Amino acid sequence: MTNRYIEDPRTIILAVMAANQDLSTSDALQMARKADPKGTRTIGVLTKIDIMDRGVDAMRSLRNEEIPLRLGYVGIKNRSQEDIQSKMKVQDALKAEEKWFSEHPKYSKLPPGHAGTRSLVDKLTVVLYAHIKAFLPQICTEIQDKRSKVEQRLRELGDGVPVDPRERTQLMWTLINDYCEMFRNTIRGKHDRRLQMYMHNEDVIAGGCMIRNIFVDFLWELDQTDALEGLSDEEMSNAIRLHEGDSLPGFPSMDTFEFLMLPHLRKIQVPSLECLDRATQTIEQLTQRIAAAVFRRFPKLADQVLNLSKRILSEQQEKTRSIIQNIVDMEMGYLFTNDEGFLVKHGGMESMFEKPPPPPGKAARRDGAPPKSGAAAFEEAEAPPPEKSAFQKASEATSNAWDKTKTALVGPGQPAKPSRKKPQYAKQFIDEIRSRLNSYFKLVVRNVRDAVPKNIGWFLVRATMEKLQFELYTALQDPEQMAKNFGEPPHIMEERKQLMLQKSTLSRSYTVLQKDPVMVNQLSFSFGDLDLDDIQVPPPPPTSQPAQSAPAQAVAARTSARMPQPAARPSPTAATAAPTPMMPRPAAPKAGARSLFDDEDKPALQGPLG
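Residues numbered from 1 in each chain as written. Predicted model: local features only at pLDDT ≥ 70, side-chain atom pairs only at ≥ 80, totals over all residues. Heavy atoms only, no water.

Asker: Quick rundown of the packing of helix α9 (residues 207-217) against helix α19 (residues 427-476)? Include the residues and the values.
Answerer: A pair of packed helices can be characterised by two numbers: the angle between their axes and the separation between those axes. In contact at an axis separation of 9 Å, α9 and α19 are set at 155 degrees when each is read in the N-to-C sense. Taken together, the axis directions place α9 and α19 in an arrangement best described as roughly antiparallel. Pair α9 / α19 crosses with right-handed handedness. Contacts between α9 and α19 involve Ile 211, Phe 215 and Val 216 from the first element and Arg 449, Pro 453, Ile 456, Gly 457 and Val 461 from the second. Taken together, the residues that form the contact of α9 with α19 break down as six nonpolar, one polar and one charged. (Axes fitted to C-alpha atoms, helices over the stretch in contact; angles between N-to-C directions. Helix = DSSP H or I, 4+ residues; strand = E, 2+ residues; numbered from the N terminus. Parallel < 35°, antiparallel > 145°, perpendicular 65-115°, else oblique. Left-handed = near helix turned anticlockwise from the far one by under 90°. Contact = heavy atoms within 4.5 Å. Nonpolar A, V, L, I, M, F, W, Y, C, P; charged D, E, K, R; others polar.)

Asker: Which residues make up helix α2 (residues 27-35), and what values go with them?
Answerer: Since the α-helix turns once every 3.6 residues, residues separated by three or four places project in the same direction. Those residues of α2 not exposed but buried are Ala 28, Leu 29, Ala 32 and Ala 35. For α2, the angular spread of buried residues about the axis comes to 130 degrees, placing them on one side. Exposed side of α2, more than 90 degrees from the buried face: Asp 27 and Lys 34 are the residues found there. On its buried side, α2 packs onto α1 (2-6), β1 (11-18), β2 (42-47) and β3 (73-75). Its side-chain oxygen at 3.3 Å from the backbone nitrogen of Ala 28, Ser 26 defines the N-terminal cap of α2. (Buried < 20%, exposed > 50% of the residue type's maximum accessible area, 1.4 Å probe, protein only. Arc of directions from axis to C-beta. Polar contact = N/O pair within 3.5 Å; in protein donor to acceptor, adjacent residues only side chain to side chain.)

Asker: Run through the pairing of β2, naming residues and quoting values.
Answerer: Of all six residues making up β2, six are buried, and the element is well covered by its neighbours. Judged by which residues are buried, β2 turns out to be covered on both faces: Thr 42, Gly 44 and Leu 46 on one side and Ile 43, Val 45 and Thr 47 on the other are all buried. Looking at chain direction, β1 and β2 are connected through six bridges and run parallel. Directly across from Val 16, in β2, lies its bridge partner Val 45. Summarising the sheet, β2 and β3 pair through three bridges and their orientation is parallel. Bridge pairing links Leu 46 to Gly 75 in β3. (Pairing = 2+ DSSP bridges.)

Asker: Can you break down the pattern of salt bridges residue by residue, with the values?
Answerer: Under the counting rule described, the total for this entry stands at 15 salt bridges. Salt-bridge contacts for Asp 57 lead to Lys 106; the nearest nitrogen and oxygen are separated by 2.7 Å. Of this pair, Asp 57 sits in the loop between β2 and α3 (59-62) while Lys 106 is found in the loop between α5 (90-103) and α6 (117-157), placing the two residues 49 residues apart along the sequence. Across the salt bridge formed by Glu 284 and Lys 310, the nearest N and O atoms sit 3.9 Å from each other. Of this pair, Glu 284 sits in helix α13 (residues 269-294) while Lys 310 sits in helix α14 (residues 299-333), and the two are 26 residues apart along the sequence. The exposure class assigned to Glu 284 is partly exposed, which follows from its relative accessible area of 26%. One continuous salt-bridge network, built from bridges that share partners, spans Asp 233, Lys 427, Asp 431 and Arg 434. (Salt bridge = Lys/Arg side-chain N within 4 Å of Asp/Glu carboxyl O.)

Asker: Explain the packing of α14 against α19 to me, using residue names and the numbers behind them.
Answerer: Look at α14 against α19: their axes get within 8 Å of each other, and the N-to-C directions meet at 155 degrees. By the criterion of interaxial angle, the relationship of α14 to α19 is roughly antiparallel. Crossing geometry of α14 relative to α19 is assigned as right-handed. Counted by class, the contact of α14 with α19 contains 20 nonpolar, eight polar and five charged residues.

Asker: Please provide a residue-by-residue account of the environment of Ile 433, values included.
Answerer: Note on placement: Ile 433 falls in helix α19. Residue classification places Ile 433 among the buried residues on the basis of a relative accessible area of 15%. When the C-alpha atoms of Ile 433 and Ser 237 are compared, they prove to be 10.0 Å apart, with 196 residues separating the residues in sequence. Every residue in contact with Ile 433, bar those within four places of it in the chain, is listed here: Met 236 and Ile 240.

Asker: Break down the side chain of Thr 280 for me, with residues and values.
Answerer: As for its position among the elements, Thr 280 is in helix α13. Polar contacts involving the side chain of Thr 280 include one to the main-chain carbonyl oxygen of Leu 276, which spans 2.8 Å. Among all residues touching Thr 280, those that are not within four sequence positions of it are Leu 313, Gln 317 and Leu 460.

Asker: Describe the packing of aromatic side chains, naming the residues involved and giving the relevant values.
Answerer: Tallied over the full model, the rule gives eight aromatic pairs. Taking 5.7 Å as the distance between ring centres and 55 degrees as the angle between the ring planes, the aromatic pair formed by Tyr 179 and Phe 295 counts as tilted. Here the residue Tyr 179 occupies a position in helix α7 (residues 165-188), and Phe 295 occupies one in the loop between α13 and α14, the gap between them amounting to 116 residues. Phe 295 carries the same exposure label as Tyr 179, and that label is buried. Stacked on the ring of Tyr 510, the Lys or Arg Arg 147 has its end atom at 5.2 Å from the ring centre. (Phe/Tyr/Trp six-rings, centres within 6.5 Å; stacked < 30°, edge-to-face > 60°. Lys NZ or Arg CZ within 6 Å of the ring centre and 35° of its normal.)

What follows is the structure in structure tokens.
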């Protein structure tokens, strides 16, 4: 707990140590070194200075020679246990301490400000004043920021539940309007400041963007693949022959097209319904988040609004589901298209007989000469065929010999028994059927990718946006139900009460700080430049200076009357800088004395602190 206080840079650290122990092993100095490595806010306090062994004193420590501190050390003599039991008064103990230091043969020779509780109080007064002066602008800024946050939270909580029925109705209309407007603006992607007011530091709600992403991902994978990618030419040929029946072969029927297409068209049914469910779930989560933010003061009203919103959403979902199912059934039950690209490319048989253009370089002659034209080309066409090569002559001789052998085996005049050839469709015909199936499947996928999101957006999203506000107004305007729904929970009432107290405290604090505009407008300086080794008690301000204002005189009087008193056995403590300017300003230092703000001859931290 001590570390939590001394780590605050606004805290002045009093490192209280026993003078009859080794300072290099002091826990107080070690803790102060970690929290204040520069030593700009640490003051050493030596206690039990009166019970040290004979021949031993704390002069080197008090002179800041043993383990130097930037703000030095102060020795004090506390009351003994006997003095406490005899109920010695604090004032008497201070007088006794002052007498003991003044009569001591060594400590009486110390410069002023190194021994005694009053010296410690005076040093703390000057250091605390400088500390407040340095941090005062920052404190004023923090007070204003915190007051702004408190006021913003109070505006969110409102002024409490109104008693008048008309005021309750007005409040309910305002909340429902905020709820519906935030829902609409979130779906449409409009900027709404109420989102930041209700949501605080939560992530920005992007309901419309999430729904759009669902629509974009819908059937994307099917649109990138071919329907008959895994179907071989033989399987397609078997499917065509299967649906020819007993009719004349060579004329494929429409049943073949449906038989090959319907299994792939069924793939769009499940993703279509899943797209509807995902969009519904996104809208439902959106209503929950907005209702929890807008109606956080009234949990019962939030539950009523959520139940009504879910009912409206469920009704529109079922209506949209029926429409989407009809779209899918229509695409699977009736194959038709007026797409111009499909009709031009696959409406006739021309594409099947179109010869592919010759590849580059094939139009030239094999000998590298350019192709001939005109009469030269005609003469070349009428020229006799070239003489056969030796390989061609050998192949023809082998074929003739085989024919003669078959005639000898079968007999003259009896032809050989021909083998039965299985009918097969030409590859051009199979490729044309495959191309038509793939083109029609992509056409159906494209139509469904457009139709399903449009129906979801119109019959689910837009219909919910239009019906939500009217349905909520109609269902929640009953006065009896309104009285039940506006029951504010106790923790909201307690939070509003605490915020009101905080606002009042912060306003009063800021008003007190504004009483001394010179101090408030004072620029902060580096507190590390202070050197308070030979600190002097500041004399009272001269009479030639301008008279202080009445509030400043009152503050100064209260300060002198409430001077802190020494504790019985001080331990390592921390004095936090208060934001109230209650300390008098120190006068200019005397000639030859070092100023509080001089930057010369600063003792370096050595030993365990160095």
